[in-house]
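# Architecture and fold: a report
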Amino acid sequence: MKHFPLCLLLGALALLASCTPSATEPYRSLYHHTPTQNWMNDPNGMFFDEQTGLWHLYYQHNPEAPVWGPMHWGHATSKDLIHWDHRGIVLAPDSLGTIFSGSVVIDRDNTAGFGPNAVVAVYTQSEYIGQNQSLAYSLDGGMTFTKYEGNPVLMGDIADFRDPKVTRDGDHWLMTLACQQEIRFYASPDLKDWTYLSSFGEGYGAHGGVWECPELIHMGERWVLLVSINPGGPFGGSATQYFIGDWDGREFKCDDVRNAPTTNTKWLDYGRDNYSTFTFHNAPDNRIVSLGWMSNWQYAQQVPTGSFRSQNTIARDLSLYIDDAGDYRICVQPSPETWAIRGKTVSRPTEACIICLTFSGNETGVVTLSNNLGEKVTMTLDVHRQTFSMDRTAAGDDSFSADFPGVTTTSLFVHRPSYTVYLFLDRCSIEAFDGDGAWAMTNLVFPTTPYNRIKVVGGEATIYEINR
Ligand code: FRU
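Everything quoted here is computed from the prediction, not taken from an experiment. (Residues numbered from 1 in each chain as written. Predicted model: local features only at pLDDT ≥ 70, side-chain atom pairs only at ≥ 80, totals over all residues. Heavy atoms only, no water.)

## Description of the side chain of Ser 335
- Relative to the elements of secondary structure, Ser 335 occurs in the loop between strand S22 (328-334) and helix H3 (336-339).
- Dropping the residues within four chain positions of it, Ser 335 is found in contact with Arg 287, Val 289, Ala 315, Arg 316 and Asp 317. (Helix = DSSP H or I, 4+ residues; strand = E, 2+ residues; numbered from the N terminus. Contact = heavy atoms within 4.5 Å.)

## Points about the pattern of salt bridges
- As enumerated under the stated definition, the model contains 24 salt bridges in all.
- Glu 25 is the salt-bridge partner of Arg 28, the closest N and O atoms lying 3.0 Å from each other. Neither residue differs from the other here; Arg 28 and Glu 25 are each classed as buried.
- Salt-bridge contacts for Arg 184 lead to Asp 157; the nearest nitrogen and oxygen are separated by 3.3 Å. You can see Arg 184 sitting in strand S11 (residues 182-188) and its partner Asp 157 sitting in the loop between strand S8 (146-147) and strand S9 (161-169), a full 27 residues away along the chain.
- Within this structure, Asp 160, Arg 162, Asp 163 and Glu 212 form a network of salt bridges that share partners. (Salt bridge = Lys/Arg side-chain N within 4 Å of Asp/Glu carboxyl O. Buried < 20%, exposed > 50% of the residue type's maximum accessible area, 1.4 Å probe, protein only.)

## A short note on the sheet that holds strand S23 (residues 342-346)
- The sheet built from six strands is open, its strands ordered S23-S33-S24-S29-S30-S31 with antiparallel pairing. The open sheet has two free edges, formed respectively by S23 and strand S31 (440-444), since each of these has just one partner strand. When the angles between neighbouring strand axes are averaged without regard to direction, this sheet yields 25 degrees.
- Where S23 and strand S33 (residues 459-466) come together, three bridges link them in antiparallel fashion. By the bridge assignment for S33, Arg 342 is matched with Ile 466. (Pairing = 2+ DSSP bridges. Axes fitted to C-alpha atoms, helices over the stretch in contact; angles between N-to-C directions.)

## Side note on the site of the ligand
- As a matter of local geometry, the ligand sits amid Asn 41, Asp 42, Gln 60, Trp 68, Met 71, Phe 100, Ser 101, Arg 162, Asp 163, Glu 212, Tyr 275 and Trp 297.
- Asp 163 has a polar side-chain atom sitting 2.6 Å from an oxygen atom of the ligand.
- When the ligand is considered free in solution it has 320 Å² of accessible area, and contact with the protein chains removes 95% of it.
- Contributing elements (two or more residues each) for the shell around the ligand: strand S1 (38-49), strand S5 (98-107) and S9.
- Grouping the constituent residues of the shell around the ligand by class yields five nonpolar, three polar and four charged. (Near = heavy atom within 4 Å. Polar contact = N/O pair within 3.5 Å; in protein donor to acceptor, adjacent residues only side chain to side chain. Areas by Shrake-Rupley, 256 points an atom, 1.4 Å probe, with all protein chains shown as cover. Nonpolar A, V, L, I, M, F, W, Y, C, P; charged D, E, K, R; others polar.)

## Observations concerning the confidence of the model for the protein
- Residue-level pLDDT values for the protein average 95, and 95% of them are 70 or greater.
- The low-confidence segment residues 1-21, where pLDDT is below 50, has two contacts with residues more than four positions distant or belonging to other chains. (pLDDT = per-residue confidence, 0-100.)

## Some points on the domain arrangement of the protein
- What the domain assignment reports for the protein is domain 1 (26-334) and domain 2 (341-466).
- Taken over C-alpha atoms, the centre of domain 1 sits 28 Å from the centre of domain 2.
- Contacts between the two partners involve 37 residues from domain 1, matched on the other side by 39 residues from domain 2.
- The largest per-residue losses of area from domain 1 upon contact with domain 2 belong to Tyr 27, Tyr 31 and Tyr 270, which jointly make up 22% of the total buried on that side.
- The closest approach of N and O atoms between Arg 392 and Asp 273, which form a salt bridge, is 2.9 Å.
- At the boundary of domain 1 and domain 2, one finds 24 residue pairs in polar contact (both at pLDDT 80 or more).
- Every element with two or more residues in the side of domain 1 that touches domain 2 is listed here: strand S21 (316-322) and S22. (Domains from an automatic or database assignment. Buried area = accessible area lost by both parts, 1.4 Å probe.)

## Section: the packing of aromatic side chains
- Tallied over the entire structure, the rule returns 31 aromatic pairs.
- Where Phe 114 meets Tyr 148, the ring centres are 5.5 Å apart and the plane angle is 65 degrees; that geometry is what we call edge-to-face. You can see Phe 114 sitting in the loop between S5 and strand S6 (118-127) and its partner Tyr 148 sitting in the loop between S8 and S9, a full 34 residues away along the chain. Residues Phe 114 and Tyr 148 agree in their burial class; the two are buried.
- These aromatic residues form a ring-pair network of at least three members: Tyr 27, Tyr 299, Phe 400, Phe 404 and Phe 446.
- The lysine or arginine in question, Arg 168, covers the ring of Trp 173, its NZ or CZ lying 4.5 Å from the ring centre. (Phe/Tyr/Trp six-rings, centres within 6.5 Å; stacked < 30°, edge-to-face > 60°. Lys NZ or Arg CZ within 6 Å of the ring centre and 35° of its normal.)

Written out as structure tokens, the structure is:
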């Protein structure tokens, strides 16, 4: 047998460890997108390129530390919305400011003059004296970007003036922009000249914090306006509310009654850890495919994940349904691509698995996930109150923030004779979905060792391992 010098062996081991972060980072998600290192928040500028079959994801990124700082756009691509290739940084701060959230469109008709099929990023530049909107274009399918020399294209007139989501509306571009606690709409023929159309927000929904990351989506027969808010979420910190209504090309008219109690606010997710949800531009088959940042501004910079912080949710397809009260709501379902990772059935939960729960509906169902240390998450489907709740008060490490422990609850919205609930477990997250998409609940958890036991009362569980 050959003998290798010790330093070579140690070097090889160190290299191996750096290539397989999951081996050394117990909270590194196994099937969710995470940054290789340092800080990430909002997903930005997501689009699907039918030429290459690639899903592009950009994201708010501080490459210098695992906390928020000078924002860049990081980039990752995927063929299946599960495995992500890290592509590095595409937009870095310049003399106009750091690079905040924004969106990407494919300019098929070259309206901006950057070239046919240019991939154009519209993003906020943030500096001490204000926030403005800028452009950058890519002529290589979103891999590299050149900043437009005429930046900024839309100057802010108030302190919070950010997160442009641009879509095509008939023969022009439409920008949805967060402005303090309102959403403003702007139109442009060429992505460069923007005309103010209208504002929405006063007297509607939750106003416990600043409005951020808006998106207007044509969904079936209605229009949906997603609005993230921080703080002011239903369980503290950040969350995403939404409004359903009509868009007449100028104005958004909400179906809700103005100044309705904020208890009527509709939330995209009834957990603590799904913020700044955006959808992919140009998704195939007119699907509405979304990703959210799986954390909460209350404690995102303190969570014990190590050299990186934050992960995105699994991809979710959005549509509309009508609840028992006759109201439209967003139906949230794991995207079909996500189901592709469902492997064979196993008898115990593992650090990453999918659990399909069926509840008889005759009695309250209680599901407990726990580990050898007695750390546990308890989920209850209460047939009397018609609610589902998740309790993470004893889930594991919560020493990093007094805001972290807690219970989240959602109405079931639709009464059924029996219920199915899907749980997507990864190393530090649980995403729960009503089987028909009536509600979703996303919560982070930091068990000291993985949950390896499950107890179900009033129902049954089938556990699937993850095919990776
Ligand atoms: C939302 C947000 C955006 C902003 C970005 C900065 O999480 O505050 O409004 O553009 O993060 O990183």
